[in-house]
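# Inside the fold
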Amino acid sequence: MQLVVGRIGRAHGIRGDVFVEVRTDEPELRLGPGAVLLTDPAAVGPLTVESGKVHSGKLLIRFAGIKDRTAAEALRNTMLIAEVDPDERPEDEDEYYDHQLIGLDVVLTDGTPVGELTEVVHLPYQDLLTVKRPDGSEALVPFVSELVPEIDLENQRCVIDPPPGLLDPAEAEVDGGPEQDR
């Protein structure tokens, strides 16, 4: 099973270092020295992590064979992919790999079917679950415990508790704003 663990950002300095946007909760395991990573585009890799450190709050990595800024800059926007045993689970019981969630049946807290979870969208501040509805439309559900109170891998279902309007915009409760309060 392949797991996206990062995206290469801009080069730093003249010795081939690059900043990496981390997309894993286990960077020390997936992006540590000696890790061999597949890439997208595939022609760029595989890449072997030579060294890494945190610099100004960001992960800075040097890959074997990347010796100057020009070579490092050519890697920009490359996705880093780790091979993971499909049976492997994150240490924290409230964490999941994307492949564990894709294909789950999505239901409301009362058991009403909503659709199928088709994608996990990773944004800088939170993740979103893409739910394909029976009518072919898609809904995006923020992956937070208040809206997704239960993930049941054994029964292959994701329970959601959406606020009015999240699944059906016609049900949205709209605040009239300051003018309505006068």
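Just above sits the structure.
Cut-offs used in this document
Numbering of residues starts from 1 in every chain and runs along the sequence as written. Where local features are concerned, this predicted model is filtered to residues with pLDDT of at least 70; where side-chain atom pairs are given and counted, the filter is 80 or more; whole-chain, interface and lining totals use all residues. Side-chain measures were taken over the full set of non-hydrogen atoms in the model, leaving aside hydrogen atoms and water. Only one rule defines a salt bridge in this text: a Lys or Arg side-chain nitrogen within 4 Å of an Asp or Glu carboxyl oxygen. Secondary structure follows DSSP: runs of H or I at least 4 residues long count as helices, runs of E at least 2 residues long count as strands, and numbering of each begins at the N terminus. When a residue's accessible area, from a 1.4 Å probe over protein chains only, is under 20% of the maximum for its type it is buried; when over 50% it is exposed; and in between it is partly exposed. Strand pairing is assigned whenever DSSP detects at least two bridges linking the two strands. Lines fitted to C-alpha atoms define the axes here, with helix axes fitted over just the stretch in contact, and angles between the N-to-C directions of these axes take values from 0 to 180 degrees. Note on terminology: a nonpolar core comprises buried Ala, Val, Leu, Ile, Met, Phe, Trp, Tyr and Cys residues joined through side-chain atoms within 4.5 Å. Every residue pair with non-hydrogen atoms within 4.5 Å of one another is taken to be in contact. Each Phe, Tyr or Trp ring (for Trp, its six-membered ring) is paired with any other whose centre lies within 6.5 Å, and the angle between the two planes then decides the class: stacked below 30 degrees, edge-to-face above 60, tilted in between. Look at NZ for Lys and CZ for Arg. If either is within 6 Å of the ring centre and within 35 degrees of the ring normal, a charge sits over the ring.

### Structural notes on the pattern of salt bridges
- A complete count under the given rule lists 6 salt bridges for this structure.
- Linking Arg62 and Asp17 is a salt bridge whose minimum nitrogen-to-oxygen distance equals 2.7 Å. Here Arg62 is found in strand S5 (residues 58–63), whereas its partner Asp17 is found in strand S2 (residues 17–22), with 45 residues between them in sequence.
- A salt bridge links Glu50 to Lys67, with the shortest nitrogen-to-oxygen separation between them at 3.7 Å. Note that Glu50 is positioned in strand S4 (residues 47–55) and Lys67 in the loop between S5 and helix H2 (69–73), a separation of 17 residues in sequence.
- Taking relative accessible area as the criterion, Glu50 reaches 36% and is therefore assigned partly exposed.

### Points about the sheet that holds strand S12 (residues 157–160)
- One open sheet holds the 6 strands; their spatial order is S10-S9-S8-S7-S12-S11, and the pairing between them is mixed. In this open sheet, the two edge strands, each paired with only one partner strand, are strand S10 (138–142) and strand S11 (150–152). With direction set aside, neighbouring strand axes in the sheet form an average angle of 35°.
- Across 4 bridges, strand S7 (residues 105–108) lies against S12 in parallel orientation.

### Section: the nonpolar core
- If you look at the biggest cluster of nonpolar residues, it comprises 21 residues, and the most contacted ones within it are Leu31, Leu37, Phe63 and Leu80.
- Counting residues per element, this core draws most heavily on strand S1 (residues 2–12), which supplies 4 residues.
- If sequence neighbours within four positions are ignored, Leu31 has contacts with Val5, Val20, Val22, Thr24, Leu37, Val49, Leu59, Ile61 and Leu80.
- Formed by 16 residues, the second largest nonpolar core is a distinct cluster that contains Val131, Ala139, Leu147 and Val148.

### Structural notes on the pairing of S4
- Judged from the 2 bridges that link them, strand S3 (residues 36–40) and S4 form a sheet pairing that is antiparallel. Across the sheet, residue Leu37 finds its bridge partner in S4, namely Leu47.
- Counted along the chain from S3 to the antiparallel partner S4, the turn is 6 residues long.
- Looking at chain direction, S4 and S5 are connected through 6 bridges and run antiparallel. Within S5, the residue paired with Gly52 across the bridge is Ile61.
- Taking the residues that link successive antiparallel strands as the turn, the S4-S5 hairpin has 2 residues, and the phi of Ser56 there is positive, at about 55°.

### A closer look at the side chain of Thr78
- Looking at the secondary structure, you find Thr78 in the loop between H2 and strand S6 (79–83).
- Those residues in contact with Thr78, other than ones at most four positions away along the chain, are Gly6, Arg7, Ile8, Thr39, Asp40, Pro41 and Val44.

### Details of the sheet that holds S3
- Within the closed barrel, the 6 strands sit side by side as S1-S2-S5-S4-S3-S6. Their pairing is antiparallel. Within this sheet the neighbouring strands show an average axis-to-axis angle of 50°, counted without direction.

### A word on the packing of aromatic side chains
- Overall, the coordinates contain 0 aromatic pairs when judged by the stated rule.
- Its guanidinium or amino end placed over the ring of Phe19, Lys58 lies 5.7 Å from that ring's centre, counting from NZ or CZ.

### What about the environment of Ser51?
- For Ser51, the location among the structural elements is in strand S4.
- You can call Ser51 partly exposed: its relative accessible area is 30%.
- For the pair formed by Ser51 and Ala11, sequence separation is 40 residues and the distance between their alpha carbons is 15 Å.
- Apart from the residues within four sequence positions on either side, Ser51 is in contact with Pro33, Leu60, Ile61 and Arg62.

### Re unusual backbone geometry
- Each neighbour pair has its own omega, and for Asp40 with Pro41 the value is 15°, a cis peptide bond.
- Residue Pro46 is bonded to the preceding Gly45 through a cis peptide linkage, with omega at 5°.
- Despite not being glycine, Asn77 has its phi angle at roughly 70°, a positive value.
- Within the secondary structure layout, Asn77 lies in the loop between H2 and S6.
- With a phi close to 55°, Gln156 is a non-glycine residue in the positive phi region.
- Looking at the secondary structure, you find Gln156 in the loop between S11 and S12.

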